Amino acid sequence: MARPRLLLLLPTTTYRAAAFVEAARRLDLDLTVASDHASVFAAVEPTALMALDFARPERAATEVLSFAAEHPVAAVVGVDDDTAVLAAAIAEALGLRHNSVPATIAARDKHRQRVLLIEAGLPVPPFALHSVTDDPELPARDAPYPCVLKPLRLSASRGVIRADTPEEFVAAFRRIARILEEPDAAACGEPARRILVESFVPGAEVALEGLLDDGRLRVLALFDKPDLLDGPFFEETIYVTPSRLPAAVQRAIMRCTERAARALGLERGPIHAELRTNARGPWVIEVAARPIGGRCGQVLRFGEGEGAISLEELLLRHALGLPVASFERERAASAVMMIPTPRAGRLSELRGVDDARAVPGVDAVAITAHRGQQLVPLPEGSRYLGFIFAHADAPEAATRALHAAHAKLDIVIT
Ligand code: ADP
Ligand code: CA
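The rules behind the values
Residues numbered from 1 in each chain as written. Chains lettered and ligands numbered in written order. Predicted model: local features only at pLDDT ≥ 70, side-chain atom pairs only at ≥ 80, totals over all residues. Heavy atoms only, no water. Donors = N, O, S within 2.8 Å, 3.2 Å for Na, K, Ca; no water. Helix = DSSP H or I, 4+ residues; strand = E, 2+ residues; numbered from the N terminus. Buried < 20%, exposed > 50% of the residue type's maximum accessible area, 1.4 Å probe, protein only. Near = heavy atom within 4 Å. Polar contact = N/O pair within 3.5 Å; in protein donor to acceptor, adjacent residues only side chain to side chain. Areas by Shrake-Rupley, 256 points an atom, 1.4 Å probe, with all protein chains shown as cover. Nonpolar A, V, L, I, M, F, W, Y, C, P; charged D, E, K, R; others polar. Pairing = 2+ DSSP bridges. Axes fitted to C-alpha atoms, helices over the stretch in contact; angles between N-to-C directions. Contact = heavy atoms within 4.5 Å. Right-handed = clockwise from strand over helix to strand, strands pointing away. Salt bridge = Lys/Arg side-chain N within 4 Å of Asp/Glu carboxyl O.

(A) Region of the structure containing the coordination of the calcium ion (ligand 2). For the calcium ion (ligand 2), the full set of protein donor atoms is E274 (OE) and E286 (OE), at a range of 2.1 to 2.2 Å. Of this pair, E274 sits in strand β12 (residues 269–278) while E286 sits in strand β13 (residues 281–288); the two residues are twelve residues apart in sequence, bridging distant segments of the chain. Each member of the pair E274 and E286 is classed as buried.

Encoded structure:
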């Protein structure tokens, strides 16, 4: 029997490529990697590499359709918000089971998402949409304080700012408008001309990693974010699982996430949801139709011992309808720190990495910034210095290991 062919959609700027390619190799798949830039290798190995216009999903779908006539494709997998939309369009053209295109578009757009969630009666903060060309003085007068201002389509908290007063509102608005003028942000067109304002939701924040099957949610992991995320900027640092929240609160979070996915029309494949929880229950911050970002996927393993598999392998198996031995995360607590950028400047040196790696419980320290790189902190920046991974018997111990490892790092910025 022929090996199933996987079409993997990889943006050129992704940390996720290696983990997915490794998972495809372990599964012995025929792999075709599509990216949005022509590669010199594509001519040499046309069935392994393919250039697609990621900005034009319908055109890309037509191209894949003719490719698939000769090389049948069993599944199409995207890795981020944009490739989720592209994967949906391609899967539709190929007649493969997948999320609908409108559902993936709704998941990608923070305002569209708010509209659908509120229509479905889900708990979301009150919100309003403004144009970057609006005079911020007017909405600043009657905004609900504290509030959060944010772009519609950026990620990693880039451009997300809390305002407690009309003065802070106006400053945040102008600052976000400038961020939206940066070429990569402006590239998404019309959505880059809008700013969403919503009430600040107090409370503990969690991230839910899940997998949908016909709209039914399977929870792969629920992460606590133990660091306070109260603004004015929202730098994500630590994700740790299992969650320490009471079981009833966790159940409410899961139910809320499943309803939110359904309200967006998402039915199949990975979701990454962020919620806050307080005395009034869970509140949806956002639901994305993709797995956890960056290198963070490495924090999850499913099954125990030799048979344990990575998140990426689990996702590929699920997409291809291959058997999955266990959807249960390993028993140990697991945590990741996205190493924050302490200040702006040029990274001249990063010392102490070996000492950080030697901290008990630490599995890996992956530095993704390079020497000489210009570091940009939030809210303008969106890249981490790197990632630290740890395991322990209990989530608190895993978190402590991350802090201890981080304290060993000496980040020299000039
Ligand atoms: P991004 O796509 O950049 O991650 P989010 O909308 O998820 O944008 O916002 C990033 C972070 O900002 C969230 O994880 C949360 O900590 C904080 N945040 C965003 N919106 C709100 C809100 N309405 N109330 C409280 N915190 C918020
Ligand atoms: Ca988010």
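Anyway, onward from the coordinates.
(B) Molecular detail of the site of ligand 1. Lining the immediate environment of ligand 1, one finds 22 residues, of which K110, K150, S157, V201 and E205 sit closest. One nitrogen or oxygen atom from the main chain of S157 is found 2.7 Å from an oxygen atom belonging to ligand 1. At a separation of 2.9 Å, a nitrogen atom of ligand 1 approaches a polar side-chain atom of E198. Compared with its free state, where it exposes 540 Å², ligand 1 has 98% of that area covered by protein. When residues of the shell around ligand 1 are traced back to their parent elements, those giving at least two are β6 (147–150), β8 (194–199), β12 and β13. Here the residues of the shell around ligand 1 are counted per class, giving ten nonpolar, three polar and nine charged.

(C) Local environment of the sheet that holds strand β3 (residues 49–51). The four strands are arranged β3-β2-β1-β4 in an open sheet whose pairing can be described as parallel. Strands at the two margins of the open sheet, each flanked by one partner only, are β3 and β4 (75–78). Between one strand and the next, the sheet's axes are offset by a mean angle of 25°, whatever the strand orientation. Across three bridges, strand β2 (residues 30–35) lies against β3 in parallel orientation. Its bridge partner being in β3, S35 is matched across the sheet by A51. Packing of helix α3 (residues 57–70) onto the sheet brings it into contact with β1 (5–9), β2 and β3, and relative to β3 it is tilted by some 150°.

(D) Region of the structure containing the sheet that holds strand β17 (residues 345–351). Spatial ordering of the open sheet is given by β19-β17-β21, a layout of three strands whose pairing is antiparallel. The sheet terminates laterally at β19 (374–375) and β21 (410–413), the two strands that pair on one side only. The pairing of β17 with β21 spans four bridges and is antiparallel. Across the sheet, the residue bridging to L350 is I411, located in β21.

(E) How the structure looks around the pairing of β2. Relative to β2, β1 runs parallel, the two sharing five bridges. Residue pairing for β2: L9 is matched across the bridge by A34. Tracing the backbone out of β1, into helix α1 (residues 17–26) and back to the parallel element β2 gives a crossover that is right-handed.

(F) Structural view of the pattern of salt bridges. Summed over all chains, the structure comprises 29 salt bridges. One salt bridge in this structure joins K225 and E236, with 2.3 Å as the shortest N-O distance. You can see K225 sitting in the loop between β10 (216–224) and β11 (238–241) and its partner E236 sitting in the loop between β10 and β11, a full eleven residues away along the chain. Look at E236 and you get buried, because its relative accessible area is 13%. R244 is the salt-bridge partner of E396, the closest N and O atoms lying 2.6 Å from each other. Of this pair, E396 sits in helix α13 (residues 395–408) while R244 sits in the loop between β11 and α10 (247–264); the two residues are 152 residues apart in sequence, bridging distant segments of the chain. Salt bridges sharing common partners tie together E205, K225, D230, E236, E274 and R276.

Any link to function would need more than the numbers given here.
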